[in-house]
Amino acid sequence: MFENGIHLSAEAFRDLPETVQRLDVRERWEYDLAHIPGALLIPLGELADRVSELDPSRPVAAYCHHGTRSLYALRFLQGAGFADLAHLAGGIDAYCRLDPSVPRY
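Analysis parameters
What you see as residue numbers is a count from 1 along each chain, following the sequence as written. Where totals are concerned, whole chains, interfaces and linings use all residues; where local detail is concerned, this predicted model gives features only for residues with pLDDT of at least 70, and gives and counts side-chain atom pairs only at 80 or more. To obtain the side-chain values, all non-hydrogen atoms of the structure were used and water was disregarded. We count a stretch as a helix when DSSP gives it H or I for four or more residues in a row; a strand needs E for two or more, and each element gets its number in order from the N terminus. Per-residue accessibility, obtained with a 1.4 Å probe over protein chains only, is compared with the maximum for each type, and a residue is labelled buried under 20%, exposed over 50%, and partly exposed between these values. Here, two residues are considered to be in contact whenever any of their heavy atoms come within 4.5 Å of each other. Residues scored as charged are limited to Lys and Arg (positive) and Asp and Glu (negative), so that His and the chain ends carry no count. Positions of charges follow a simple convention, taking NZ of Lys, CZ of Arg, CG of Asp or CD of Glu. A 1.4 Å probe that fits but cannot get out identifies a cavity on a 1 Å grid over protein atoms alone, an open set with protein on both sides within 12 Å along at least five of seven lines counts as a pocket, and a residue lines either if it has an atom within 4 Å of a point. Grid points are joined across faces, edges and corners, and a volume is the space filled by probe spheres set on the points. Here the term charged refers only to Asp, Glu, Lys and Arg, the term nonpolar to Ala, Val, Leu, Ile, Met, Phe, Trp, Tyr, Cys and Pro, and the term polar to all other amino acids, Gly among them. Geometry of aromatic contacts follows a simple scheme: Phe, Tyr and Trp rings, the Trp one being its six-membered ring, pair when their centres are within 6.5 Å, and the pair is stacked under 30 degrees between planes, edge-to-face over 60, tilted otherwise. Strands qualify as paired when DSSP identifies two bridges or more between them. In this analysis an axis means a line fitted to C-alpha atoms, helices contributing only their contacting stretch, and an angle means the value between N-to-C directions, from 0 to 180 degrees.

Asker: Hey, could you go over the overall build of the chain for me, with residue numbers and the actual values?
Answerer: The number of helices and strands found in the chain is five helices and five strands. Sequence-ordered secondary structure for the chain, helices as α and strands as β, is β-α-β-α-β-α-β-α-β-α. Taking all 105 residues of the chain together, the buried fraction comes to 44%. By sequence separation, contacts in the chain at least 24 residues apart represent 64% of the contacts at least 6 residues apart. A distance of 4 Å separates the average location of the 10 positive side-chain charges in the chain from that of its 15 negative side-chain charges.

Below, the structure is given as structure tokens:
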């Protein structure tokens, strides 16, 4: 799925097919401020306990505020047997510049 690498632009993230699981690894308070519709919120600190909520047979595209936590999430998911992984480079901060309906914080 992610032939062009793990770092997705905001445009590429926006245009992902519905088959891709969108994973928000920020904290609940951040999600409440702004989030990308259709994303599943699993804060990074809860990912190990909640990984079963994701389907390892489907691609996962993670995001956070700026891109660091989502990279940690990809490393964890790879170790848990997920193979098709990417993240939103620049995080939701980059995405909100593309989609002004998502507030910037």
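Past the structure itself, the notes keep going.
Asker: Give me the lowdown on helix α5 (residues 91-98), citing residues and values where you can.
Answerer: When we look at burial in α5, the residues that qualify are Gly91, Ile92, Asp93, Tyr95 and Cys96. Contacts from the buried residues of α5 go to α1 (10-14), β4 (60-63) and β5 (85-88).

Asker: Tell me about the side chain of Glu30, residues and numbers included.
Answerer: Within the secondary structure layout, Glu30 lies in helix α2 (residues 28-33). On the basis of relative accessibility, which here comes to 4%, the residue Glu30 falls in the buried class. Each residue touching Glu30, except ones within four places of it in the same chain, is listed here: His65, Arg69 and Tyr105.

Asker: Explain the layout of surface pockets to me, using residue names and the numbers behind them.
Answerer: Size it by volume and the largest pocket reaches roughly 150 Å³. In terms of residue count, the dominant contributor to the lining of the largest pocket is helix α4 (residues 68-79) (four residues). Along the lines of polarity and charge, the residues of the lining of the largest pocket split into six nonpolar, two polar and two charged.

Asker: Explain the packing of aromatic side chains to me, using residue names and the numbers behind them.
Answerer: Evaluation of the coordinates by the stated rule reveals three aromatic pairs. Between Phe13 and Tyr63 the ring centres are 5.7 Å apart and the planes differ by 80°, which places this aromatic pair in the edge-to-face class. Note that Phe13 is positioned in helix α1 and Tyr63 in strand β4, a separation of 50 residues in sequence. Like Tyr63, Phe13 is buried.

Asker: Residues and numbers for the pairing of strand β2 (residues 21-24), please.
Answerer: Burial along β2 is two-sided: Gln21 and Leu23 facing one way and Arg22 and Asp24 facing the other are all buried. By the bridge criterion, four bridges tie β2 to β4 in an arrangement that is parallel. Residue pairing across strands places Gln21 opposite Val60, the latter belonging to β4. Note: β2 against strand β3 (residues 40-41), two bridges, orientation parallel.

Asker: Give a detailed account of the sheet that holds β2, specifying residues and quantitative values.
Answerer: As summarised here, the arrangement of the five strands in space is β1-β5-β4-β2-β3, forming an open sheet in which the pairing is parallel. In this open sheet, the two strands that pair with only one neighbour each are β1 (7-8) and β3. In this fold α4 packs onto β1, β2, β4 and β5, with an angle of close to 170° to the strand it touches most, β5.

By themselves, these figures tell us nothing about what the structure is for.
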